[in-house]
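Residue-level structural notes
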Amino acid sequence: MNEREFSMRVHGCMNRLWRISWSMLRCGADCDDAVQEAIFRAWRKRGTLREEKYFETWLTRILINECKRMLRRRGSGNAPAPESYADQAATENSELADAIAVLPVELRLPIVLHYMEGYRIQEIAGILRLPETTVKWRLRSGRQRLRCELDAVEEVRR
């Protein structure tokens, strides 16, 4: 893969990469750093990509690993968000975005990858290096927790 093709493919998925990093890090500056580092690592390791059709999945996996590294350095997988998730995710439903933001990262990431970014369960399993059944369980658990959070918001409104 030459520099031009690499740049074009990265450019095509930049917004998605940032949103995925936001779902884990919830800090704009950290997201910028994670995406930049992931792209740099992908460029250096581009020769290890076996099939170019999996470029985006491969790059997403590198990004998730970088986010996890940053979270370990930070010392917490669920640091409080310094900014509103709704502002960063640019979603129309801020209640849903806020409910997603309070999920633990192991439930939040599959939800974001599947419902917001459109990855299939099989792809998520590959990206997260989990069995498909685990991804399905996390999606189900995440939906249940979201339903509880949104029901609680609805109760407060009444």
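See the structure printed just above.
Notes on the structure in this doc start here. (Residues numbered from 1 in each chain as written. Predicted model: local features only at pLDDT ≥ 70, side-chain atom pairs only at ≥ 80, totals over all residues. Heavy atoms only, no water.)

V105, L107, R108, L109, P110, I111, V112 and L113 are the residues of helix α6 (residues 105-116) that are buried. Downstream of α6 by one or two residues, G118 has phi in the positive range, about 80°. (Buried < 20%, exposed > 50% of the residue type's maximum accessible area, 1.4 Å probe, protein only. Helix = DSSP H or I, 4+ residues; strand = E, 2+ residues; numbered from the N terminus.)

Below, the discussion takes up the pattern of salt bridges. Evaluated as defined, the whole model comprises 10 salt bridges. As a salt-bridge pair, E5 and R9 come within 4.0 Å of each other at their nearest N and O atoms. Here E5 and its partner R9 are both found in helix α1 (residues 3-25), 4 residues apart, which amounts to about one turn of the helix. Among the salt bridges present, the one from R41 reaches E37, with a minimum N-O distance of 3.0 Å. One end of the pair, R41, and the other, E37, are both in helix α2 (residues 28-44), 4 residues apart, so they sit about a helical turn from each other. With relative accessibility at 30%, the residue R41 sits in the partly exposed group. Three or more residues are tied together by salt bridges with common partners; here these are R16, R19, E56 and E117. (Salt bridge = Lys/Arg side-chain N within 4 Å of Asp/Glu carboxyl O.)

Next up on the list: the packing of aromatic side chains. Enumeration over the complete set of coordinates arrives at 4 aromatic pairs. Ring plane angle 70° and centroid distance 5.0 Å describe the contact between F6 and W43, whose orientation is recorded as edge-to-face. With a gap of 37 residues between them, F6 in helix α1 and W43 in helix α2 connect regions that are remote in the sequence. The class for F6 is buried, based on a relative accessible area of 5%. Between W18 and W22, the ring centres sit 5.7 Å apart and the planes meet at 10°, which makes this aromatic pair stacked. Remark: W22 and W18 occur in helix α1; sequence separation between them is 4 residues, near one turn of the helix. (Phe/Tyr/Trp six-rings, centres within 6.5 Å; stacked < 30°, edge-to-face > 60°.)

Of the pockets and cavities examined, the largest pocket occupies roughly 530 Å³. Lining the largest pocket are 18 residues, with L49, W58, R61, I62 and R129 positioned closest to its centre. Taken together, the elements giving at least two residues each to the lining of the largest pocket come down to α2, α3 (55-74) and α7 (121-128). With 7 residues, the top contributor of residues to the lining of the largest pocket is α3. Here the residues of the lining of the largest pocket sort into 5 nonpolar, 4 polar and 9 charged. (1 Å grid on protein atoms, 1.4 Å probe; cavity = no way out; pocket = protein on both sides within 12 Å on 5 of 7 lines; lining within 4 Å. Points joined across faces, edges and corners; volume = space filled by probe spheres on them. Nonpolar A, V, L, I, M, F, W, Y, C, P; charged D, E, K, R; others polar.)

What follows deals with the packing of α1 against α3. It is the contact of α1 with α3, at a shortest axis distance of 10 Å, that shows an interaxial angle of 35°. Remark: the crossing between α1 and α3 carries right-handed chirality. Seen from α1, the contacting residues are F6, R9, V10, C13, R16, L17, I20, S21, M24 and L25; seen from α3, they are F55, E56, L59, T60, L63, I64, C67, K68, M70, L71 and R74. Broken down by class, the residue content of the contact of α1 with α3 amounts to 14 nonpolar, 2 polar and 5 charged. (Axes fitted to C-alpha atoms, helices over the stretch in contact; angles between N-to-C directions. Left-handed = near helix turned anticlockwise from the far one by under 90°. Contact = heavy atoms within 4.5 Å.)

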